[in-house]
Amino acid sequence: MLIDTHTHIYGVEYDADRDAVISAACQAGVDYMVMPNVDLTSLPLLVETHHSYPDRTAMAIGLHPTSVGSDYAEQLGQLRQYIAQSTETIVAIGEIGLDFYWDRTYVEEQQKALIEQVKWAIELDLPVILHVRSALDETIDLLTAHFASDKLRGVFHCFEGEEAQLQRILAHLPLMMIGVNGNVTYKRSRTAPLLSQIPLDKMLLETDAPYLAPIPQRGKRNEPAYLVHTASYVANQIGISLESLAEHTTSNARRLFSLD
């Protein structure tokens, strides 16, 4: 069994065939999916999808860094209120983080939003799901400066850092895991050469569907069933069986997100 630890199958991209997508995932051996939130507009879609597939999905709640703007404090307040009042099991705070790739207008606001949401996670004893783009050193600096390493746990989703950055995470944020998804199969992937340096007890597999479909599905809408292609590639690269990789990564996901 594989667990897709990061998928957005609640999005409108799946409105026409969501049942078929989830059925295909189960047939491929991807029996469970963790769905991170993006912002207030995505929250109703996330909740509705989880209600439709309660035995196949889990919810994470957070404010994505590219959704952080001048109104970020209001959005955070509403999300925190939802978490406090929800009767649903929330398995993580996410996805949250820093993204300086497209726009640096709200750098300070992104940093404040990240710190606030990590505080929620520690207060609630939940892991974080970190989205980091063009800001990995800044994210590591912020986390190590503000939070004790034995209190902060979670995953660097879609890790695409350099060797030195990976080693910083492993050394200074020991309870953080590394999320590997379809772009590891791409020719120019920076993560592929580092796979052997990621301890098996710190690796998670994810799709980020509908984005980043792995080879041989690249260019298509990604979906959880395609996680098998990523898993097969990773297993081959590090020289273990697909079954062994599935066993390790599924165990990691269950432990991190406290899944039954």
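Relevant structure appears above.
Summarised in this report is the structure supplied together with it. Here the residue index of a chain counts from 1 through its sequence in written order. Restriction of local features to residues with pLDDT of at least 70 applies here, the model being predicted, together with a cutoff of 80 or more for giving and counting side-chain atom pairs; totals for whole chains, interfaces and linings are based on all residues. Note that the side-chain values use all heavy atoms of the structure and ignore hydrogens as well as water.

### Observations regarding the packing of aromatic side chains
The geometry of an aromatic ring pair is captured by the separation of the ring centres together with the interplanar angle, meaning the angle of the planes.
1) Next: Centres within 6.5 Å are what make two rings of Phe, Tyr or Trp a pair, Trp counting through its six-membered ring; a difference in plane orientation under 30 degrees is then read as stacked, over 60 as edge-to-face, and the rest as tilted. In this structure the tally under the stated criterion is 1 aromatic pair.
2) Next: Geometry around Y186 places R218 over its ring, the cationic atom sitting 3.6 Å from the centre. Comment: the charge-over-ring label is applied if NZ (Lys) or CZ (Arg) is within 6 Å of the ring centre and within 35 degrees of the ring normal.

### Topic: the nonpolar core
Soluble globular proteins tend to bury their nonpolar side chains together.
1) Next: Only buried Ala, Val, Leu, Ile, Met, Phe, Trp, Tyr and Cys residues count toward a nonpolar core, and they belong to the same one when joined by side-chain atoms within 4.5 Å. Each residue is placed in one exposure class: buried if its accessible area under a 1.4 Å probe, protein chains only, is under 20% of its type's maximum, exposed if it is over 50%, and partly exposed if it falls in between. In terms of nonpolar packing, the biggest core is built from 68 residues, with V128, L130, L143, F156 and I169 touching the most fellow members.
2) Next: Numbering of helices and strands starts at the N terminus; helices are DSSP runs of H or I of at least 4 residues and strands are runs of E of at least 2. With 7 residues, the single largest contributor to this core is helix α4 (residues 107–124).
3) Next: With near-sequence residues (within four places) excluded, L130 lies in contact with I96, L114, T139, L143, V155, F156, H157 and M176.
4) Next: Judged by nonpolar contacts, the second largest core, of 15 residues, contains Y32, I129, A253 and L256. In this analysis, two residues are considered to be in contact whenever any of their non-hydrogen atoms come within 4.5 Å of each other.

### Considerations on the packing of α4 against helix α5 (residues 136–146)
1) Next: Orientation is described by lines fitted to C-alpha atoms, with helices fitted over the stretch in contact, and by angles between N-to-C directions that extend from 0 to 180 degrees. The interhelical angle for the contact between α4 and α5, taken along N-to-C directions, is 45°, at an axis separation of 11 Å. In this view, α4 runs oblique relative to α5, as classed from their interaxial angle. By crossing handedness, the relation of α4 to α5 is classed as right-handed. Judged by residue contacts, Q111, L114, I115 and V118 of α4 engage T139, L142, L143 and H146 from α5. Just so you know how the angles are binned, under 35 degrees is roughly parallel, over 145 roughly antiparallel, 65 to 115 roughly perpendicular, and the rest oblique. When the near helix sits turned anticlockwise from the far one by under a right angle, the crossing is termed left-handed; a clockwise turn instead gives a right-handed crossing.

### With respect to helix α1 (residues 18–28)
1) Next: Turning to α1, its buried residues are R18, V21, I22 and A25. One face of α1 carries all of its buried residues, which in axial projection span an arc of 95°. Seen from the buried face of α1, the exposed residues on the opposite side, beyond 90 degrees, are D19 and Q27.
2) Next: Those residues of α1 hidden inside the fold are in contact with β2 (30–36) and α2 (43–52). Directions are taken from the helix axis to each C-beta atom, and the arc is the one they span.

### Re the pattern of salt bridges
1) Next: Salt bridges are defined by distance alone: a side-chain nitrogen of Lys or Arg within 4 Å of a carboxyl oxygen of Asp or Glu. Going through the model one piece at a time under the given rule, you end up with 9 salt bridges.
2) Next: The salt bridge involving R18 is made with D15; its shortest N-O contact spans 2.8 Å.
3) Next: Given a relative accessible area of 14%, R18 falls into the buried group.
4) Next: Residue D141 is joined to R168 by a salt bridge in which the shortest nitrogen-to-oxygen separation is 2.7 Å. In this pair, D141 sits in helix α5 while R168 sits in helix α6 (residues 163–172), placing the two residues 27 residues apart along the sequence.
5) Next: The class for R168 is partly exposed, based on a relative accessible area of 26%.
6) Next: Through salt bridges with shared partners, a single network forms among D17, R221 and E223.

### Overview of unusual backbone geometry
1) Next: Here the bond from G94 into E95 is cis, since omega is 5°, no more than 30 degrees from zero.
2) Next: With respect to the element layout, E95 can be found in strand β4 (residues 90–99).
3) Next: A cis amide bond links I215 to the next residue, P216, at an omega of 15°.
4) Next: Secondary-structure assignment places P216 in the loop between β8 (203–205) and α7 (227–238).
5) Next: If you check the backbone angles, D125 has positive phi at about 55° while not being a glycine.
6) Next: Mapped onto the fold, D125 is located in the loop between α4 and β5 (128–133).
7) Next: For D125, a relative accessible area of 53% puts it in the exposed group.

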